[in-house]
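Here are the chains, one letter per residue:
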Amino acid sequence: MSDTSRTHFQDELASLERMALGGLDMVSTSLERAVETVVNQDVELAGMVISDDDRIDGRYLEVHQGVLSLLARQAPVATDLRTVAAILHVIKHVERMGDQCVNMAKLVPLAGHEPPSDQRLLDNIRRMGAQARQQVVQSKQAFERRDVELAQDLVRQDDEIDKLNRDCFHLALEIGDDLDRREWAMHMMLVARCLERIGDNAVDIGEQTAFVVTGLFREFEDASHPELAPPTPAA
Amino acid sequence: MTEPRDPQRENAEREHPIPSLHTREPSEAAPGGEAAQHQPAREAIFQLAGVSVSYGDKPAVRDITFDIGNNEITALIGPSGCGKSTLIRCLNRMNDLIPSATVSGRLLYHGEDLYAKEVDAVEVRKRIGMVFQKPNPFPKSIYDNIAFGPRVLGMKGSMDDIVERALTRAAVWDEVKDRLKTNAFGMSGGQQQRLCIARCLAVEPDVILMDEPCSALDPISTGKIEDLMLELEKEYSIVIVTHNMQQAARVSDKTAFFTVELDADQKNRTGRVVEFDDTEKIFTNPGDARTEAYVTGKVG
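Residues numbered from 1 in each chain as written. Chains lettered and ligands numbered in written order. Predicted model: local features only at pLDDT ≥ 70, side-chain atom pairs only at ≥ 80, totals over all residues.

## Comments concerning the overall build of chain B
Moving on, step 1. Looking only at helices and strands, one finds eleven helices and ten strands in chain B.
Moving on, step 2. With 300 residues in all, chain B has 44% of them scored as buried.
Moving on, step 3. When contacts within chain B are restricted to residue pairs at least 6 apart in sequence, long-range pairs at least 24 apart make up 72% of them. (Helix = DSSP H or I, 4+ residues; strand = E, 2+ residues; numbered from the N terminus. Buried ≥ 20, exposed ≤ 12 C-beta atoms within 10 Å, placed from the backbone. Contact = placed C-beta atoms within 7 Å.)

Dropping the structure here:
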């Protein structure tokens, strides 16, 4: 059977999906800048990350309104309904990831002009940033392609960022007794936490991809019951 | 936990127990024989197995098999010409009135063969009422519209009570109680349709068949009919044919999706059931790509 009707609705739905996934591109840019801000202690760039979050929030409101409009006017069902519901989840995660970038940027001025940084910790933060960014990009690709396997691979990716987060914790513990260095290390732990949460948001978007494709929603990983988690595909 | 249902006991406790459809003693081969081996695993008011309907030598619907549950609303959906109305008319033997119509397969009602020789078609249509697309009140007063069926059937009890009960159940009593003797044609379309439902209820059916009951009504009247269906579901089983996908999604518990198939020489169009499942499943995650395409409006 070929698609022969409701083309206007299908166009609207596709446009809404593009807008939501475009939000992930915005997050990707913001994330890259936020990490650069932290690593280089760039206060100017931090201000840009914070102000640019208005664009992400605006995208959230735009997609949210579009979802409401589609539900009210078009009453989507079946795969279309699941797609609309998933878009709403995706854009919420986009908004939260944008907020995490802002949280990171806001920590930069708190650390002072020339903080007593630790290169190993900064390298770790940079690696976490790259990993988080890769997960954001992969979550977008998986949703666009309706690729459940690629979506499930985000769990493996997330294990990487979790490991780097634990490494940050240990490096912070080893930072020494100097109060200024310890304060800076605490800020880096908060940055690492923001990046780890962005990874989790990307996994959640992957779960929405699986929901759209299969019609069944299940968490890839159940934090409260890790023993019930299905095996993840080999890398 | 709820106790398992006992249909026989429930029937005995009903205000109006479901009577036998027979006007004569059943033949040995009917309910006690083959049919008894096909008792439903769960309570089903209708059991359809391989039901086909033809008009002359042209098959209209073919090989329909599913159960219709008691005290449920079952929606029949599908494109025009797929045999929904043909099938719903089989459920109370309305097709008997069409000389060229033939029904084959097994169609059980409360476990009895609806098309057995000893079954009285008039009794069938009393137990299984029907409401049509266009409201069709008789050119009589509101009161007489309701009283007509009970009078013909010689129902006992106060006729005033019967009329009030039927109109109340159909959620139209408050709107007409002060003008029962006025002509039913003076009612609005939505009121006329609820009057027709009341007329159906007055003869104490246990199934109500509705063939696009809201297609001629405005949204307010449609909403009232839908609310009424959900109320009536507690006491009656309802089968509805509708072209309104959202109506099927809103009111029904189960949905059967029909489609049209062309035969090998591309001459005859025959209706088939593609999918029968919980309505929620049909409208959120249908199992068949054809159902998906239809409910999402990609094909009509």
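Read on for the rest.
## Side note on the overall build of chain A
Moving on, step 1. Scanning chain A from N- to C-terminus turns up six helices and zero strands.
Moving on, step 2. In sequence order, the secondary structure elements of chain A are arranged as α-α-α-α-α-α.
Moving on, step 3. The globule rule puts the C-alpha radius of gyration for 235 residues at 18 Å, and the 19 Å found for chain A is close to it.
Moving on, step 4. With the C-alpha coordinates aligned to their principal axes, the bounding extent of chain A is approximately 70 × 40 × 25 Å.
Moving on, step 5. The 235 residues of chain A split such that 41% are buried.
Moving on, step 6. For chain A, restricting intrachain contacts to residue pairs at least 6 apart in sequence, the fraction spanning at least 24 positions comes to 82%. (Rg over C-alpha atoms; globule rule 2.2 N^0.38 Å.)

## Comments concerning the pairing of strand E2 (residues 58-69) of chain B
Moving on, step 1. Strand direction decides the pairing type here: strand E1 (residues 44-55) of chain B and E2 of chain B, joined by eight bridges, are antiparallel. Bridge assignment links Val53 of chain B to a residue of E2 of chain B, and that residue is Val61 of chain B. (Pairing = 2+ DSSP bridges.)

## Section: helix H4 (residues 119-145) of chain A
Moving on, step 1. For H4 of chain A, built from 27 residues, the straight-helix expectation of 39 Å at 1.5 Å per residue is met to within 8% by its first-to-last C-alpha distance of 39 Å.
Moving on, step 2. Phi for Arg146 of chain A, located one or two positions after H4 of chain A, is positive at around 55°. (Expected span 1.5 Å × (residues − 1).)

## A look at unusual backbone geometry
Moving on, step 1. Positive phi is not limited to glycine here, since Gln41 of chain A has a value of about 55°.
Moving on, step 2. By secondary structure assignment, the location of Gln41 of chain A is in the loop between helix H1 (7-40) and helix H2 (43-74).
Moving on, step 3. On the neighbour-count criterion, Gln41 of chain A (17 C-beta atoms within 10 Å) is partly exposed.
Moving on, step 4. With phi around 50°, Glu212 of chain B is a residue other than glycine that occupies positive phi space.
Moving on, step 5. Judged by the 19 C-beta atoms lying within 10 Å of it, Glu212 of chain B falls in the partly exposed class.

## With respect to the confidence of the model for chain B
Residues and elements named next belong to chain B.
Moving on, step 1. Predicted confidence across chain B gives a mean pLDDT of 86, with 86% of residues reaching 70 or more.
Moving on, step 2. Throughout residues 1-5 the model reports pLDDT below 50, and contacts reaching past four residues in sequence, or to other chains, amount to two contacts.
Moving on, step 3. Ignoring residues within four places in sequence, the model shows residues 24-42, a span with pLDDT below 50, making 24 contacts including any to other chains. (pLDDT = per-residue confidence, 0-100.)

## What to know about the packing of helix H4 (residues 142-153) of chain B against helix H5 (residues 159-169) of chain B
All names here are of chain B.
Moving on, step 1. At a minimum axis distance of 9 Å, the contact between H4 and H5 shows a crossing angle of 110°. Taken together, the axis directions place H4 and H5 in an arrangement best described as roughly perpendicular. For the crossing formed where H4 meets H5, the hand is right-handed. Within the contact between the two elements, H4 uses Tyr143, Ile146, Ala147 and Pro150 and H5 uses Met159, Ile162, Val163, Ala166 and Leu167.
Moving on, step 2. Looking at side-chain class alone, the contact of H4 with H5 contains nine nonpolar, no polar and no charged residues. (Axes fitted to C-alpha atoms, helices over the stretch in contact; angles between N-to-C directions. Parallel < 35°, antiparallel > 145°, perpendicular 65-115°, else oblique. Left-handed = near helix turned anticlockwise from the far one by under 90°. Nonpolar A, V, L, I, M, F, W, Y, C, P; charged D, E, K, R; others polar.)

## Topic: the interface of chain A and chain B
Moving on, step 1. Of the residues lining the interface, 13 residues belong to chain A; the matching set on chain B comes to 16 residues.
Moving on, step 2. Looking at the side of chain A that touches chain B residue by residue, the class counts come to five nonpolar, four polar and four charged.

## Concerning the pairing of strand E7 (residues 207-211) of chain B
Residue and element names in this part refer to chain B.
Moving on, step 1. Of all five residues that make up E7, five are buried, and the element is covered over most of its length.
Moving on, step 2. Pairing between strand E6 (residues 128-131) and E7: four bridges, direction parallel. Residue pairing for E7: Met130 is matched across the bridge by Leu209.
Moving on, step 3. The pairing of E7 with strand E8 (residues 237-241) spans five bridges and is parallel. Across the sheet, residue Met210 finds its bridge partner in E8, namely Ile240.

## Regarding the environment of Glu123 of chain B
Residue and element names in this part refer to chain B.
Moving on, step 1. For Glu123, the position within the fold is in helix H3 (residues 121-127).
Moving on, step 2. Looking at Glu123, the number of C-beta atoms within 10 Å reads 16, which means it is partly exposed.
Moving on, step 3. The sequence separation of Glu123 and Val103 amounts to 20 residues, and the corresponding C-alpha distance is 18 Å.

## A short note on the confidence of the model for chain A
Moving on, step 1. In the predicted model, chain A carries a mean pLDDT of 91, and the fraction of residues at 70 or more is 92%.
Moving on, step 2. Looking across chain A, the model is least confident in H2 of chain A, with a mean pLDDT of 94, and most confident in H4 of chain A, with 97.

## Notes on the packing of helix H5 (residues 148-173) of chain A against helix H6 (residues 179-214) of chain A
The axes of two packed helices give the description: the angle between them and the distance between them.
Residues and elements named next belong to chain A.
Moving on, step 1. With their axes 9 Å apart at the nearest point, H5 and H6 run at an angle of 170° to one another. With respect to their mutual orientation, H5 and H6 come out roughly antiparallel.
Moving on, step 2. Taken together, the residues of the contact of H5 with H6 break down into 17 nonpolar, six polar and four charged.

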